[in-house]
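Below, each chain spelled out in residue letters.
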Amino acid sequence: VNINWFDSTNASPINLTSATLLTLHFTVISAASTTANLTFVGTKEVVNSSGNPIVTTFTNGAITLNFVDPNIAAVAADKAALTEAVIKGANANLSNITGALVNPLPATGSNGSNITWASSNTAVVSNNGQTIVRPVFEAGNANVTLTATITKGSVTDTKAFALIVLKLAASNIATVTSAVYTVAN
């Protein structure tokens, strides 16, 4: 995140003493620009207008700001919580898929992230994980990637799960084709 900041004289950089208490106005420049206020309370406690902490250091009269978007931690925690055990449903594991995944697949994380799902092959595994079409025996097992996209605010991350959808068992039903047969005694 780039921060452009200024004071009433448009002086840059802004130099502060350790006892200074002030509000700086700045613009965060990112994919979606937003404007916020920083309030300095001493030299170690800085929050943005939403009350989220901003890490600061005070060295030789200069304050360094490092805004840590709390959505980064929320998305990371929600991504870490998405595990094989959470999505496998009644299947033994993701390498032995024979039926639907958990119903429903998680749509929100415990930290408020939104989660969407996409299958690399919807003919075998639907995006919601509820329709599983097992390949015929002759086609072999199917490898499918199910990708979770985890989003909160402007922070997005993905987590891919490798699934192996097991082929159907070999058929023991004989296929009779039309033909003329001669049966001898």
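Structure shown above.
Keep in mind it's a predicted model, so treat the numbers as computed, not measured.

Calculation rules
- Residues numbered from 1 in each chain as written.
- Predicted model: local features only at pLDDT ≥ 70, side-chain atom pairs only at ≥ 80, totals over all residues.
- Heavy atoms only, no water.
- Helix = DSSP H or I, 4+ residues; strand = E, 2+ residues; numbered from the N terminus.
- Core = buried A, V, L, I, M, F, W, Y, C linked by side-chain atoms within 4.5 Å.
- Buried < 20%, exposed > 50% of the residue type's maximum accessible area, 1.4 Å probe, protein only.
- Contact = heavy atoms within 4.5 Å.
- Phe/Tyr/Trp six-rings, centres within 6.5 Å; stacked < 30°, edge-to-face > 60°.

Would you take a moment to explain unusual backbone geometry for this structure?
For the bond from Asn103 to Pro104, the omega torsion is -5°, close enough to zero to count as cis. Counting through the fold element by element, Pro104 comes out in the loop between α2 (84-87) and β7 (114-119).

Mind showing me how you'd approach the nonpolar core here?
Side chains of nonpolar character tend, in soluble globular proteins, to be buried together. With 21 residues, the main nonpolar core has Trp117, Leu163 and Val165 as its most contacted residues. For this core, the secondary structure elements donating two or more residues are β7, β8 (142-152) and β9 (155-165). Excluding its chain neighbours within four sequence positions, the residues that come into contact with Val165 are Ile97, Val124, Val125, Ile132, Val133, Arg134, Pro135, Asn141, Ala142 and Val144.

Where do I start with the packing of aromatic side chains in this structure?
Under the defined criterion, the tally for this structure stands at one aromatic pair. Ring geometry for Trp117 versus Phe161: centroids 6.1 Å apart, planes at 35°, classification tilted. Residue Trp117 is located in strand β7, and its partner Phe161 is located in strand β9; the two are separated by 44 residues in the primary sequence.

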